[in-house]
Amino acid sequence: MKLKIIKLLLLLLIISITASSQEKIVYITRTGEKYHLEHCSSLRRSKIKITLSEAIKKGYEPCKRCNP
């Protein structure tokens, strides 16, 4: 019984680590200062894929329309 619980906890830990390593993708534009979700109406001509952490690191702020 204890072994099953330990195995289950290890499995949950592995799943948690894997999920946190997959970064959320957002989009920026060539000239804008905000990051957006893929289908935001603010993204018209340019749409550059970037991770959320990278967008924040570069000083981009969240769009108020799509609220990523």
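The structure this text deals with has already been given above.
Attention in this report is confined to the structure presented alongside it. Along every chain, residues carry numbers that run from 1 in the direction the sequence is written. Given that the model is predicted, a residue must reach a pLDDT of at least 70 before its local features are reported, and side-chain atom pairs must reach 80 or more before they are shown or counted; all residues, however, enter totals for whole chains, interfaces and linings. To get the side-chain values, all heavy atoms of the structure are used, and hydrogens and water are removed first.

### A word on the overall build of the chain
Consideration 1: Segments assigned H or I by DSSP are reported as helices when at least four residues long, segments assigned E as strands when at least two residues long, and all are numbered from the N terminus. On a plain count of helices and strands, the chain comes out with 2 helices and 4 strands.
Consideration 2: Sequence-ordered secondary structure for the chain, helices as α and strands as β, is α-β-β-β-α-β.
Consideration 3: Counting every position in the chain, which comprises 68 residues, the buried fraction comes to 21%.
Consideration 4: Nonlocal contacts in the chain, meaning residues at least 24 apart in sequence, comprise 49% of its contacts between residues at least 6 apart. In this scheme, a residue with accessible area under 20% of its type's maximum is buried, one over 50% is exposed, and one in between is partly exposed, where area comes from a 1.4 Å probe on protein chains only. Should any heavy atoms of two residues lie within 4.5 Å, those residues are counted as being in contact.

### A short note on unusual backbone geometry
Consideration 1: With phi around 50 degrees, Asn67 is a residue other than glycine that occupies positive phi space.
Consideration 2: A relative accessible area of 60% means that Asn67 is categorised as exposed.

### Side note on a nonpolar patch on the surface
Consideration 1: Among the surface-exposed residues, Met1, Ile5, Leu8, Leu9, Leu11 and Leu12 lie close enough to one another that they form a single nonpolar patch of about 660 Å² accessible area.
Consideration 2: In this fold, Met1 is placed in the segment before α1 (2-21).
Consideration 3: For Met1, a relative accessible area of 77% corresponds to the exposed category. What goes into a patch is any residue over 30% in relative accessible area without a salt bridge, connected to like charges within 9 Å or, for nonpolar side chains (Val, Leu, Ile, Met, Phe, Trp, Tyr), within 5 Å. Accessibility throughout is a Shrake-Rupley quantity obtained with a 1.4 Å probe, and a residue counts as covered only by protein chains that appear here. Salt bridge, as applied in this entry: a Lys or Arg side-chain nitrogen positioned within 4 Å of an Asp or Glu carboxyl oxygen.

### Some remarks on a positive patch on the surface
Consideration 1: In this tally, Lys and Arg are treated as positive and Asp and Glu as negative; His is ignored, and so are the chain termini. Here the site of a charge means atom NZ of a Lys, CZ of an Arg, CG of an Asp or CD of a Glu. A contiguous patch of positive charge, built from Arg30, Arg44, Arg45 and Arg65, is present on the exposed surface.
Consideration 2: Classification of Arg44 as exposed rests on a relative accessible area of 69%.

### Overview of the packing of aromatic side chains
Consideration 1: Two rings from Phe, Tyr or Trp (for Trp, the six-membered ring) form a pair when their centres are within 6.5 Å of each other. A pair whose planes differ by under 30 degrees is stacked, one over 60 is edge-to-face, and the rest are tilted. The full count for this structure, using the stated rule, is 0 aromatic pairs.
Consideration 2: Its end group placed over the ring of Tyr27, Lys47 keeps NZ or CZ at 5.4 Å from the ring centre. Any Lys NZ or Arg CZ that is within 6 Å of a ring centre and within 35 degrees of that ring's normal is treated as a charge sitting over the ring.

### Observations regarding the nonpolar core
Consideration 1: One finds Val26, Ile28, Tyr35, Ile50, Ala55 and Tyr60 forming the largest nonpolar core, which totals 6 residues.
Consideration 2: In contact with Tyr35, other than residues within four places in its own chain, are Val26, Tyr27, Ile28, Leu52, Ala55, Ile56, Tyr60, Glu61, Pro62, Cys63 and Pro68.
Consideration 3: In this structure, Cys40, Leu43, Cys63 and Cys66 belong to the second largest nonpolar core, which totals 5 residues. We define a nonpolar core as any set of buried Ala, Val, Leu, Ile, Met, Phe, Trp, Tyr and Cys residues linked to one another through side-chain atoms lying within 4.5 Å.

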